[in-house]
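As a plain string of letters, each chain reads:
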Amino acid sequence: MTHKKQRLAILGSTGSIGTQTLDIVRRYGDLFEVTTLTARSRWEALVAQAIEFSPDNVVIADETYYPAVRDALADRPVKVYAGNDALEQVVRSEQVDTVVMALVGYSGLFPTASALRCGKKVALANKECLVVAGELITELSERHRAPIIPVDSEHSAIFQCLSGERSEVEKVILTASGGPFLNRSADELRHVTVAEALAHPSWCMGAKVTIDSASLMNKGFEVIEARWLFGVDAGRIDVVIHPGSVVHSMVQFRDGAVKAQIGTPDMHLPIQYALTYPQRLPLEGRRLDFCELGTLEFRRPDTDRFPNLALAYECLRRGGCAGAVLNAANEVGVAAFLDGKIRFTDIARINEQTLSRMPQGRCSTLEQYRETDAAARETALSLI
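Residues numbered from 1 in each chain as written. Predicted model: local features only at pLDDT ≥ 70, side-chain atom pairs only at ≥ 80, totals over all residues. Heavy atoms only, no water.

Participant: Whenever I open this one, the nonpolar core confuses me. Can you help?
Facilitator: Nonpolar side chains tend to gather and get buried jointly when the protein is soluble and globular. In this structure, Val58, Leu73, Val151, Phe181, Val223 and Phe344 are the most contacted members of the largest nonpolar core, which totals 85 residues. The element contributing the most residues to this core is helix H15 (residues 322-338), with 9 residues. Every residue in contact with Val223, bar those within four places of it in the chain, is listed here: Leu174, Ile237, Val239, Leu309, Tyr313 and Leu316. Listed in part, the 34 residues of the second largest apolar core include Ala61, Met101, Leu130 and Ala324. (Core = buried A, V, L, I, M, F, W, Y, C linked by side-chain atoms within 4.5 Å. Buried < 20%, exposed > 50% of the residue type's maximum accessible area, 1.4 Å probe, protein only. Helix = DSSP H or I, 4+ residues; strand = E, 2+ residues; numbered from the N terminus. Contact = heavy atoms within 4.5 Å.)

Participant: Please explain the UniProt feature "domain: 1-deoxy-D-xylulose 5-phosphate reductoisomerase N-terminal" (unreviewed entry) in the protein chain as it appears in this structure.
Facilitator: In this numbering, the UniProt entry assigns the feature "domain: 1-deoxy-D-xylulose 5-phosphate reductoisomerase N-terminal" (unreviewed entry) to residues 8-134. In residues 8-134, helix accounts for 42% and strand for 22%; the two terminal C-alpha atoms are 24 Å from one another. (UniProt positions renumbered as here; feature names shortened; annotations may be inferred.)

Participant: Where do I start with the packing of H15 against helix H17 (residues 366-382) in this structure?
Facilitator: Any two packed helices are characterised by the angle at which their axes cross and by the distance between the axes. Between H15 and H17, the least distance of the axes is 8 Å, while the angle of their chain directions is 45°. One way to sum up the angle between H15 and H17 is to call them oblique. For the pair H15 and H17, the crossing hand works out as right-handed. Of the residues in H17, those in contact with Ala324, Val325, Ala328, Ala329, Glu331 and Val332 of H15 are Tyr369, Thr372, Asp373, Ala376, Arg377, Ala380 and Leu381. Classifying every residue of the contact of H15 with H17 gives 9 nonpolar, 1 polar and 3 charged. (Axes fitted to C-alpha atoms, helices over the stretch in contact; angles between N-to-C directions. Parallel < 35°, antiparallel > 145°, perpendicular 65-115°, else oblique. Left-handed = near helix turned anticlockwise from the far one by under 90°. Nonpolar A, V, L, I, M, F, W, Y, C, P; charged D, E, K, R; others polar.)

Participant: Which parts of the structure should I look at to understand the sheet that holds strand S3 (residues 57-60)?
Facilitator: In sheet architecture, strand pairing relies on hydrogen bonds along the backbone and comes in two forms, parallel and antiparallel. Strand order in the open sheet made by the 7 strands is S4-S3-S2-S1-S5-S6-S7, with parallel pairing throughout. The open sheet has two edge strands, strand S4 (79-82) and strand S7 (148-150), and neither has a second partner. Strand after strand, the sheet turns through a mean of 20° between neighbouring axes, direction not considered. Where strand S1 (residues 6-11) and strand S5 (residues 98-101) come together, 4 bridges link them in parallel fashion. Looking at the pairing, Ile10 lines up with Val100 of S5. Lying on the sheet, helix H2 (residues 43-53) is in contact with strand S2 (32-39) and S3; it crosses S2 at an angle near 165°. (Pairing = 2+ DSSP bridges.)

Participant: Got a minute to help me understand the environment of Val334 in this structure?
Facilitator: By the secondary structure assignment, Val334 is in helix H15. With a relative accessible area of 2%, Val334 lands in the buried category. Separated by 193 residues in sequence, Val334 and Ser141 place their C-alpha atoms 30 Å apart. When near neighbours in sequence (up to four residues on either side) are disregarded, Val334 contacts Lys208, Ile211, Asp212 and Ile347.

Participant: So what exactly am I meant to see when it comes to the packing of helix H6 (residues 128-143) against helix H11 (residues 217-230) here?
Facilitator: Remark: H6 packs on H11, axes separated minimally by 8 Å, with the N-to-C direction vectors making an angle of 15°. In terms of axis orientation, H6 runs roughly parallel to H11. Where H6 crosses over H11, the handedness of that crossing is left-handed. Side by side, H6 and H11 meet where Glu128, Leu130, Val131, Gly134, Glu135 and Thr138 of the first sit next to Phe221, Ile224, Glu225, Trp228 and Leu229 of the second. Per-class residue counts for the contact of H6 with H11 are 6 nonpolar, 2 polar and 3 charged.

Now the structure itself:
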C-alpha cells in the first residue's frame, strides 16, 4: 500500500528556513512533494529550486524579476506568478496540504491568514504574524481547524515539552543566546557596526532576524508569539539568557516539574518535527555530548541595555494593535540600521517612541492591521 505524500508550499524557499526545509525534502522524497515555491527577489535561486523540485507553481514577489523567472522556466510545466497577492492565492490550492511559512516580517501575515482560512496546516517560522495579529490568527486556526505547528526553535521546544501533557502550565521559560553583544556596555552598544551585529555566536539566520536577535527584539517577539501559541498570559512567560544555546526552552508545571528540550543548535530538527509531528524521523547531524558540555549557564536579561524585550511585555499589557505598531517600527528601524542611517541603539528608541505616539486601539480585521502597520511605519520613518 502506498502512502500519500505531504504536499508542501514553501513560502520563502530561498531563505535560511526554506533551504533547510528543502534539505529535509531531499532526505525524505518518499514522504514530501513540493508543489509551490516562492521568493521575494532571489530569482536565480528560485529558478534553480524549481528545476530541481518541479513544483506546480512558483511566485516571485518582486514583480521586477517576473520576466526573468518566466523565461528561465518557459520549457517546464511550472506556472509562474508575481506579486504579493499571488502569495495569498497559491496557498489556497487543493494541491497544498502544508504551508511552510518562512517569509520574513509583516509580509507573512496575509498569506498565513489565507492558508488558515482554507484549513491548511501551517508550519510557522514567521513570528511576526502572531506579533502583529495574534488574536486574529489563532481565532482563524481554531475556527477552520487548521493546526499551527511552530518552527522557531524556542516554540518548537515548548511544543515538544507540552506534547502528551494534560497538566496546567505554570510557566513558559524562553531561552535566549544573548546575541553577539551580551557583554557589551550601554556605551559600547551605541558604536557597534552592522557587521558586528550580523555575527551571531550560535545560529545562522537571515539579516533581519539576526539584528533582532542582537537587540533582543527577536526574544520580545517570541514572548508575544508564546502568549498566542500556548494561551499563557505575559505573567507566566519568562526569558533567561543561555549563551550555550543547547537548552532551547522549558516548561514549568503546577507541581514544580520543569521539562526542557535540549539539543545542538540546528534548525533542521524543529523544521522536520513540524512537518512530521507527531512522529520523529531519523535526522543526521551532530549529537550533544553532555560530558563535553560540562556546565550550563543561565542569567537574567538586562532590559536597561536591551529595552526591546521590555517593550514586548508592554505590548502584551496594552493589547489591541500594539504588537502591529511595535513590529512596523522595528522593521523600519532595522532597515535603517542595515543601511547605515542610524545607530544600533536607535532601533529601540524608534520602537519606544513610535509606541508612545501611536493611538491605542483594537484591531479586529486584517484591513485594520494593514492601516495600523502603514501609520506606524510613517511615524517610525519620521523619527529617523
